[in-house]
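Here is how the chains run, residue by residue.
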Amino acid sequence: IHAEGPEKEYLQEAIDCAQHGFFRASIVLGWCAAIARIHKKVVELGLSEFNKKSKELKAIKEGRYKRFNQFYALKTPAELGMTVFDNNLLWIIEYWGLIDPNQHERLSVAFVMRNNCAHPDEAGITEKNLVSFYDDLENYVFNNPNLKLSAASEDS
């Protein structure tokens, strides 16, 4: 997985956790890496455009997006991380065309897995779950051409 900056640090910790059998911790950190990439891409494309897309999405009253009811007026990258829940972020980046509906669904499953790891119950995480989780992150986030960062974004 190609990663830079904060996402690389998250992924290295995630790998270390997985190698020591701490699969839940690995998944939580792996999700953090994916969200770090998505946040950087949103900032690169512009918070004003993100705000515009969220407002457009909220206005849709039928079809796939009819239940989306949030819109944002973000001014800083910090607000993105502090006020936009990951599930809403996935809806907006799908609407924006950065991921397709099937990729959104697969990333939603990865997010559910992350939530299950952070709030564990009887559904444990196996090596197969871990491999599937990282395969989806690699394909739909880190190797997704729509989420590729410019050289300037990778350096920051």
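Residues numbered from 1 in each chain as written. Predicted model: local features only at pLDDT ≥ 70, side-chain atom pairs only at ≥ 80, totals over all residues. Heavy atoms only, no water.

### Digging into the overall build of the chain
Scanning the chain from N- to C-terminus turns up 8 helices and 0 strands. Order of helices (α) and strands (β) in the chain, N terminus to C terminus: α-α-α-α-α-α-α-α. For the chain, whose C-alpha radius of gyration is 16 Å, the value lies close to the compact-globule estimate of 15 Å for 156 residues. For the chain, the spread of C-alpha atoms along the three principal axes comes to 45 × 35 × 25 Å. Taking all 156 residues of the chain together, 42% fall into the buried category. Considering only intrachain contacts with a sequence separation of at least 6, the fraction spanning at least 24 residues in the chain is 69%. Carbon and sulfur atoms make up 53% of the accessible area of the chain, which amounts to about 8,700 Å² in all. (Helix = DSSP H or I, 4+ residues; strand = E, 2+ residues; numbered from the N terminus. Rg over C-alpha atoms; globule rule 2.2 N^0.38 Å. Buried < 20%, exposed > 50% of the residue type's maximum accessible area, 1.4 Å probe, protein only. Contact = heavy atoms within 4.5 Å. Areas by Shrake-Rupley, 256 points an atom, 1.4 Å probe, with all protein chains shown as cover.)

### With respect to the side chain of Asn 88
Residue position: Asn 88 is located in helix 5 (residues 86-96). If we ignore the near neighbours within four places in the chain, the residues touching Asn 88 are Phe 68, Gln 70 and Tyr 72.

### A few points about the pattern of salt bridges
Scanning the entire structure with this criterion turns up 7 salt bridges. Residue Glu 105 pairs with Arg 64 through a salt bridge whose shortest N-O separation is 3.0 Å. In this pair, Glu 105 is assigned in helix 6 (residues 101-118) and Arg 64 in the loop between helix 3 (47-59) and helix 4 (77-83), connecting sequence segments 41 residues apart. Residue Glu 105 is classed as partly exposed on the basis of its relative accessible area of 39%. One salt-bridge network, held together by shared partners, links Glu 49, Lys 53 and Glu 56. (Salt bridge = Lys/Arg side-chain N within 4 Å of Asp/Glu carboxyl O.)

### Describing the packing of helix 3 against helix 5
Running from amino to carboxyl end, helix 3 crosses helix 5 at an angle of 95 degrees, the nearest separation of the two axes being 10 Å. The angle between helix 3 and helix 5 places the two elements in the roughly perpendicular class. Residue-level inspection shows Glu 49, Phe 50, Lys 53, Ser 54, Glu 56 and Leu 57 of helix 3 in contact with helix 5, the latter providing Leu 89, Trp 91, Ile 92, Tyr 95 and Trp 96. In terms of residue class, the contact of helix 3 with helix 5 is built from 7 nonpolar, 1 polar and 3 charged. (Axes fitted to C-alpha atoms, helices over the stretch in contact; angles between N-to-C directions. Parallel < 35°, antiparallel > 145°, perpendicular 65-115°, else oblique. Nonpolar A, V, L, I, M, F, W, Y, C, P; charged D, E, K, R; others polar.)

Everything listed is a geometric property; what it means functionally is a separate question.
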